[in-house]
Amino acid sequence: MFAYIVRRLIYAIPILVGVNLLTFTLFFVVNSPDDMAASQLGDKYVTPEAIENWKQKNGYDKPLFLNPDAAGVAQITDTIFFDKSVRLFAFDFGRSESGRDITTDVATRMWPSLAVALPTFLVGIGVNICVALMVVMFRGTRLDRGAVFVFVALMSISYLFYIIGGQFLVAKTWRLVPISGFHTEGQVWKFLILPVLVGVVAGIGAGARWYRTLFLEEANQDYVRTARAKGCSELSILFRHILPNALIPILTGVVVLIPSLFMGSLLIESFFGIPGLGSYMLDAINSQDFAIVRSMVFIGSILYIIGLLLTDISYTWADPRVRLS
Amino acid sequence: MKPVILWSDALIFLLVISLALFFWRLRRDPQTRERWAEVFSSRLGMVAFTVIAAYIMVALLDSLHFRRALENPESLATEEVFYDNKVTSVFDVLTGGMGERFERTYSAPFALLSFEKENIKDADGRDIRDFPPLRHAGQHLSHPDERAADILGKSVRALLWGLLLCALVITPQWLLLRGSRFPWLASWTTQAVILCSAVWMVSLSRHYHILGTDQGGADVLFQSLKGIRTGVLLGTLATLVMLPIAVTLGVMAGYFKGWVDDVVQYLYTTLSSIPGILLIAASVLLFQVYIDLNPDFFAVGMEKADAKFIALCFILGVTSWSTLCRLIRAETLKISQLGYVQAAHAFGVSHTRILGRHVLPNVVHIILITFVLDFSALVLAEAVLSYIGVGVDPSMGSWGNMINGARSELSREPTIWWTLTGAFFFMFVLVLAANLFSDLVRDAFDPRTSLRRASA
Amino acid sequence: MSREHQTQPTAGTVCLRVQDLTVTLAETGEAIVKGISFELQAGKVFALVGESGSGKSVTSLAAMRLLPDALRISGGSVEVSGQDLFGLSEARMQEVRGRRVAMIFQNAMSALNPVQTVGRQVAETLRLHTRLRGAALRERVVSLFQEVGIPDPEQRFDFFPHQLSGGQQQRVMIAMALACEPDVLIADEPTTALDVTIQLQVLNLIRELTRSRQLAVLLITHDMGVVKNTADDVAVMYRGELIERASVEDFFHNPKQAYSRRLIDALPDLTHFREAATDSPLLELEDVKVWFPIRRGLLQRVVDHTRAVDGVSLAIGRGETYALVGESGSGKSTLGRAVLNLEPIAGGEIRFQGETIGGLGRGAMLPYRKQIQVIFQNPFSSMNPRMTVGDIIAEGMISLGLALSPEERKARIQRLLERVQLAAEHAHRYPHEFSGGQLQRIAIARALAVNPELIICDEPTSALDVSIRAEVLDLLAELQREFGVSYLFITHDLSIVPGLAHKVGVMQRGKLVEQGTAEQILTAPEHPYTRALLAAVPRI
């Protein structure tokens, strides 16, 4: 087990290197620092001197991969690639184009993200499983078919409408909670309840429909017939035999998302004005702050890789048949 | 008149032609035919397909672009013909100039007056602040009170014309297909509903703004309709870009295994580890910078928007192949263990031939399911991307842009709800139809579900 | 409900009576089981025999009211001790299931809940029907495990199904079924998924329990050997009807129906053997090894090898059939794949007509592909569902460059199809339109299309019903006489060997433990493993 985890972590290195090379190519080769300077400065001030100044200020005035002017190790270290990409491995994200320290920003902003994303995630899974179980209990009836249609209809509504609709109804028309905002002191839940609600409701269609197929797949297995032959009631078959087996794919399917909860949700955070990483990314995109985008890409892929590892581990935990080697 | 062929127009027609050829070829295979028959033997399948077909039809009509010839002023004594800088589509013409009737700003559906007060002169020439009358709504009414009766009367007349059109369209189908085992009646009903509402919309929009106008005074209904082309094209073109990458890599990885498999797995793990939205946003922004720095590449504004659109399709396609690739790799791994591939090896059949005759035809169902499923996902994604600001060009009508422009207006009093409603309705119907259709396609083609039904 | 009150029925009491049972397809109303009647007596095993699709499993599920939704009971009755099961409410029926009528299924691995320990699964039955709880419950399960012959029952209680062998899993199923001391046990193909030696043990167990507990057993099977070894009475089912009923003695000595006769004839005759055909060897294997690496540790270094085939030497002559016999996992199929050069060999030599072919590259192997062909076990997966039968047969001719014109090719396909008793117009049909037996004949035609010298038959009949099995084997023998082709016949079933093979080799764990002429092996086996295999073969 330990050897397995270590090996997986070693495997992660080439992937992170790949991510880095890809982002580096995107940001510095496809798009040269000169282009970046020009678009950052705006049309009015683009003069060769201004561009040089900007590049110097932000540390883009070095060669890309190899610095022939420097000596020794500095030939490699004194380059944009080393400065901007290799340093990420040491979690040194540097400064954003606007001069703020990205590491501090990330450290403070991930908690509000988690405060919204984690309850949404947990409540969502619970609600979806309950809804799916209820539908499965009536499998093969009109109710089942009707529910599937409703799920598909719910899936067909854009996420944006869930947010807009939620804000309009709950916050504006019924005035139950504030439309948006976030405070760390006092009644935090007031600001969290609507985003969480919207997140959960928006997920029901796809989630419950998926779980229903998983449950049905298990309901057709041979061991269910054995349980029936033993004299189990339908309800106890559902809860004692089908549910534990179906939890395996459910669990392993969602575990990969857990680390990414730190990243928050772009849409929810921007609509509800939550100062998390999601809105941080959105702001970065809108202000074309590539330093932040680069850092977030790196963080995102690390979290994804951790998620994959957790998935494998959760398999051994949930399914007695699986052993890691 | 001078035809204009945008890149996206060319691509979509190419796609439609190749799809038609593909299905024509598939007809020979009796199993595939049987499965399609299963999809279409349900009424729901027929309705969903008819709706999708109607959307595609609108998208295609809206992809036939041309520039109008301008009439030369008499003072200009030349034979040379000048063309309008504005690109028009066949669809624009068919809607009867619905998109050319601009107001000053917001107005509610079927309203006669503008939504905002302005300084106007009243009948006596005094300056007052009131709601000004709209330029293109209810001009023919002698009194505002006649509005309800007028709408009703015009609706009935439109409906009659609509029914006549239905008769023209459906009768030949009926003559051709009446003995068929498929529930065509469901399709005809849907067609009738669509045709009647189309006629109703076109004829009433001559006198009113059915869904009101937006901030810039543009007709919301027209914008919603223009969003169809963007949605349909994005949904199909992005998948089209993604398919060859995913299929080639997936099949190679699953068939050759070994280092090829390692490389492909590495590629898609790396790609899927990057948060998709960031990758897309970054790529779009970079392309945006490129366009901004090279403005002289494009003759008309529309071409620039179109280039951006194509780039978006490419970016979405290139960043989203990993899921399909994974599925196809797994399926190919399974197929290469099967007797018929082993037998082909024993016959010394070459790799290319095994891939072409044994592996590819047996993963087509996965490609098909993904194609339909991704279509609706992409339509939904477009709205989100446009909201984030990395979607299609604002000059190109799209549901995402409409939502983006209107979302803050819900907090106004009275609420401006019609822009969102328009975008919501047209988007929901398309995505719902696509989702329902993809469900049926999956039920018919996925061996796992069809197996389940066989054993039940 | 405690078991002290339960009196054991005396031998011969009718425990379950099925009368005019009719089962139809819910959608079309087509009858699957057409009004059959029989009764089960305490202390006796009643065998219901039939081939796939005859309706025997449907009968057993109907008796338990466990039919899938697509099927419907449309008439008749099932009585247990005078009580009509079809008249009970679902809740009352649940009290009957597992308590008075218990059932064991074909594939124990999938019939057991994979995420529950086997002990808990057996305990669940007891929980449902008795008041046993806690330590007493555990004790009871352990003693049941002991009764059905599970070693270390205390430890096995906490094992998950996948940690047990196939035979042990089936024993757990039996323990589960017997937990509440039911009167009736329905066993639906209980040994089909097991290796022959284990099969015998499980059947003996069922037999013993029938006697010791005075159970009334309904044994559903397609295997006449199983019937002969285990049952007291037999009924033959054919297309939903019972066509013959008799005691086992009468049935085997004097079957009344032609169909029953055919089933019995499929049993081996251990008195007639084929003589060795020739001396000139066509294929020679010398110390052939196929190893699969086992990787472990941080760097996934190869620490060991799975020795799937570990030093096998044998020779097959022209026009000769060599039967390679062994249980699942013995490496016999891997050896076949190695001869076809589909699996790299780790050592040894493969010679065909004196030329070394082991380890040849793709291109260098091509000339030999014409001469060595293959027929696979599963006829349904061995043909591309998207190609016509004609294209499937033509594939080898084209890729191996037989230099035939399209017309010649077409004529050849027609001849081949007719030779394997199909019609020429079948060339335009697709595989899914054929039955398993027909598909296997198409597979034979496909192999013959390139005029091979040697055909590797990898369990070609194990997926087929017994009556069809004989036809395919006869066809293979005929073709051997006609074309002088040799067979390497891979099988787990010793019983088909006598009329088929000239030579036999027995494989166990990658090694060839014994080989010789068919007569030697089947009449005077030397190796204990061969003897064990042979003991499990039913005979008349």
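Everything that follows concerns the structure shown earlier in this document.
Only a predicted model underlies this, so the values are computations on that prediction, with no experimental measurement involved.

(A) Geometry of the overall build of chain B. Each helix and strand counted, chain B has 16 helices and five strands in total. Judged by the C-alpha coordinates and their principal axes, chain B covers about 95 × 60 × 55 Å. Among the 456 residues that make up chain B, the fraction classed as buried is 52%. For chain B, long-range pairs separated by at least 24 residues make up 73% of all intrachain contacts whose partners lie at least 6 apart in sequence. Surface accessibility of chain B: about 21,400 Å² in total, with carbon and sulfur atoms responsible for 65%. In chain B, 39 positive and 39 negative side-chain charges are present, and the distance between their average locations comes to 10 Å.

(B) View of the pattern of salt bridges. Residue and element names in this part refer to chain B. On inspection of all chains with the given rule, the structure shows 44 salt bridges over all chains. Across the pair D92 and K226 runs a salt bridge, and its minimum N-O distance is 2.8 Å. With a gap of 134 residues between them, D92 in helix α4 (residues 90–94) and K226 in helix α7 (residues 220–256) connect regions that are remote in the sequence. By relative accessible area, which is 13% here, D92 ends up buried.

(C) Examining the pairing of strand β19 (residues 503–508) of chain C more closely. Residue and element names in this part refer to chain C. β19 sits mainly inside the fold: five of its six residues count as buried. Both strand β13 (residues 321–325) and β19 contribute to a ladder of four bridges, which runs parallel. Note on β19: the bridge partner recorded for V325 is V506. Direction of pairing for β19 relative to strand β20 (residues 511–517): antiparallel, over a ladder of six bridges. Across the sheet, residue G505 finds its bridge partner in β20, namely Q515.

(D) Spatial organisation of the sheet that holds strand β2 (residues 65–70) of chain B. Residue and element names in this part refer to chain B. What the three strands build is an open sheet, ordered β1-β2-β3; its pairing is antiparallel. Each edge of the sheet is formed by a strand with only one pairing partner; in this case those strands are β1 (2–4) and β3 (82–89). Direction aside, the axes of adjacent strands within the sheet are offset by 30 degrees on average. With three bridges connecting them, β1 and β2 associate as antiparallel partners. Among the inter-strand pairings, K2 is bridged to a residue of β2, identified as R67.

(E) Looking closely at the sheet that holds strand β10 (residues 241–247) of chain C. Residues and elements named next belong to chain C. Taken in spatial order, the six strands of this open sheet run β6-β7-β8-β3-β9-β10, and their pairing is mixed. Two strands lie at the open edges of the sheet, namely β6 (101–104) and β10, each paired on one side alone. Going from strand to strand, the sheet's axes swing by 20 degrees on average, the running direction of each strand aside. Relative to strand β7 (residues 184–188), β6 runs parallel, the two being bridged by four bridges. Within β7, the residue paired with M103 across the bridge is I186. Helix α8 (residues 196–213) rests against β3 (44–49), β6 and β8 (216–221) of the sheet, and its axis sits at about 135 degrees to β3. Docked against the sheet, helix α11 (residues 258–265) engages β3, β9 (233–238) and β10, running at close to 110 degrees with respect to β9.

(F) Here's a closer look at the interface of chain C and chain B. With 30 residues of chain C at the contact, the number on the chain B side is 27 residues. Interface area, chain C with chain B, both sides summed: about 2,400 Å², of which 53% is carbon and sulfur. Interface area lost by chain C to chain B is led by R362, R386 and E395 of chain C, which between them contribute 29%. Taken together, the connections running from chain C to chain B amount to zero salt bridges. With five residues, the single largest contributor to the side of chain C that touches chain B is helix α14 (residues 389–399) of chain C.

(G) Here's a closer look at the side chain of K226 of chain B. For K226 of chain B, a relative accessible area of 19% corresponds to the buried category. Each residue touching K226 of chain B, except ones within four places of it in the same chain, is listed here: D62, S89, F91, D92 and G397 of chain B.

(H) Fine view of helix α6 (residues 102–137) of chain A. With 36 residues, α6 of chain A ought to run about 52 Å at 1.5 Å a step, and its terminal C-alpha atoms sit 50 Å apart, in line with that. By the largest-angle criterion, L114 of chain A marks the main kink of α6 of chain A, which is about 30 degrees.

(I) Seen up close, the interface of chain B and chain A. Listed as interface residues are 46 residues of chain B and, on the opposing side, 45 residues of chain A. When chain B packs against chain A, the two sides together hide about 4,000 Å² of surface, and 77% of this comes from carbon and sulfur. At the boundary of chain B and chain A, one finds one salt bridge. Linking D439 of chain B and R209 of chain A is a salt bridge whose minimum nitrogen-to-oxygen distance equals 2.2 Å. Applying the counting rule to chain B against chain A returns seven residue pairs in polar contact (both at pLDDT 80 or more). Among the secondary structure elements, those contributing two or more residues to the side of chain B that touches chain A are α8 (258–273), α9 (276–293), α13 (351–388), α15 (418–445) and α16 (447–455) of chain B. With eleven residues, α15 of chain B is the single largest residue contributor to the side of chain B that touches chain A.

(J) Seen up close, the nonpolar core. Within the largest apolar cluster, 179 residues are counted, with the highest numbers of intra-cluster contacts made by M296 of chain A together with V39, W399 and F437 of chain B. No other element matches the 19 residues that α13 of chain B contributes to this core. In this structure F437 of chain B touches W36, V39, F40, G45, A48, F49, I52 and V372 of chain B, once residues within four positions along its chain are discounted. Of all hydrophobic cores here, the second largest spans 93 residues; its members include L16, V202, L203 and V248 of chain C.

(K) Molecular detail of the packing of aromatic side chains. For the structure shown, the criterion picks out 22 aromatic pairs over all chains. Relative to F428 of chain B, the ring of F424 of chain B has its centre 5.5 Å away and its plane inclined at 5 degrees; by these criteria the two rings are stacked. One end of the pair, F424 of chain B, and the other, F428 of chain B, are both in helix α15, four residues apart, so they sit about a helical turn from each other. Aromatic side chains F38 of chain C and F46 of chain C sit 5.0 Å apart centroid to centroid with 10 degrees between the ring planes, which places their arrangement in the stacked category.

(L) The arrangement of the environment of I299 of chain A in detail. All names here are of chain A. Here I299 lies in helix α14 (residues 290–318). The spacing of I299 and G126 is 173 residues in sequence and 28 Å in space, taken between C-alpha atoms. Dropping the residues within four chain positions of it, I299 is found in contact with F93, V106 and M263.

(M) Quick peek at helix α5 (residues 134–147) of chain C. Residue and element names in this part refer to chain C. End to end, α5 covers 20 Å across 14 residues, agreeing with the expected 20 Å (1.5 Å per residue, within 8%). The set of residues buried in α5 consists of L137, R140, V141, V142, L144 and F145. Considering only its buried residues, α5 is in contact with α4 (118–129), α6 (153–156), α7 (166–178) and α8.

(N) Structural detail: the packing of α5 of chain C against α8 of chain C. Residues and elements named next belong to chain C. The N-to-C vectors of α5 and α8 enclose an angle of 120 degrees; their axes lie 12 Å apart at closest approach. Residues R140, L144 and E147 of α5 form the contact with α8, whose participating residues are L205, L209 and R213. When grouped by side-chain class, the residues that make up the contact of α5 with α8 number three nonpolar, no polar and three charged.

Thresholds applied
Residues numbered from 1 in each chain as written. Chains lettered and ligands numbered in written order. Predicted model: local features only at pLDDT ≥ 70, side-chain atom pairs only at ≥ 80, totals over all residues. Heavy atoms only, no water. Helix = DSSP H or I, 4+ residues; strand = E, 2+ residues; numbered from the N terminus. Buried < 20%, exposed > 50% of the residue type's maximum accessible area, 1.4 Å probe, protein only. Contact = heavy atoms within 4.5 Å. Areas by Shrake-Rupley, 256 points an atom, 1.4 Å probe, with all protein chains shown as cover. Lys, Arg positive; Asp, Glu negative; His and termini not counted. Charge placed at Lys NZ, Arg CZ, Asp CG, Glu CD. Salt bridge = Lys/Arg side-chain N within 4 Å of Asp/Glu carboxyl O. Pairing = 2+ DSSP bridges. Axes fitted to C-alpha atoms, helices over the stretch in contact; angles between N-to-C directions. Buried area = accessible area lost by both parts, 1.4 Å probe. Expected span 1.5 Å × (residues − 1). Bend = angle between axes of the 7 residues up to and from the residue. Polar contact = N/O pair within 3.5 Å; in protein donor to acceptor, adjacent residues only side chain to side chain. Core = buried A, V, L, I, M, F, W, Y, C linked by side-chain atoms within 4.5 Å. Phe/Tyr/Trp six-rings, centres within 6.5 Å; stacked < 30°, edge-to-face > 60°. Nonpolar A, V, L, I, M, F, W, Y, C, P; charged D, E, K, R; others polar.

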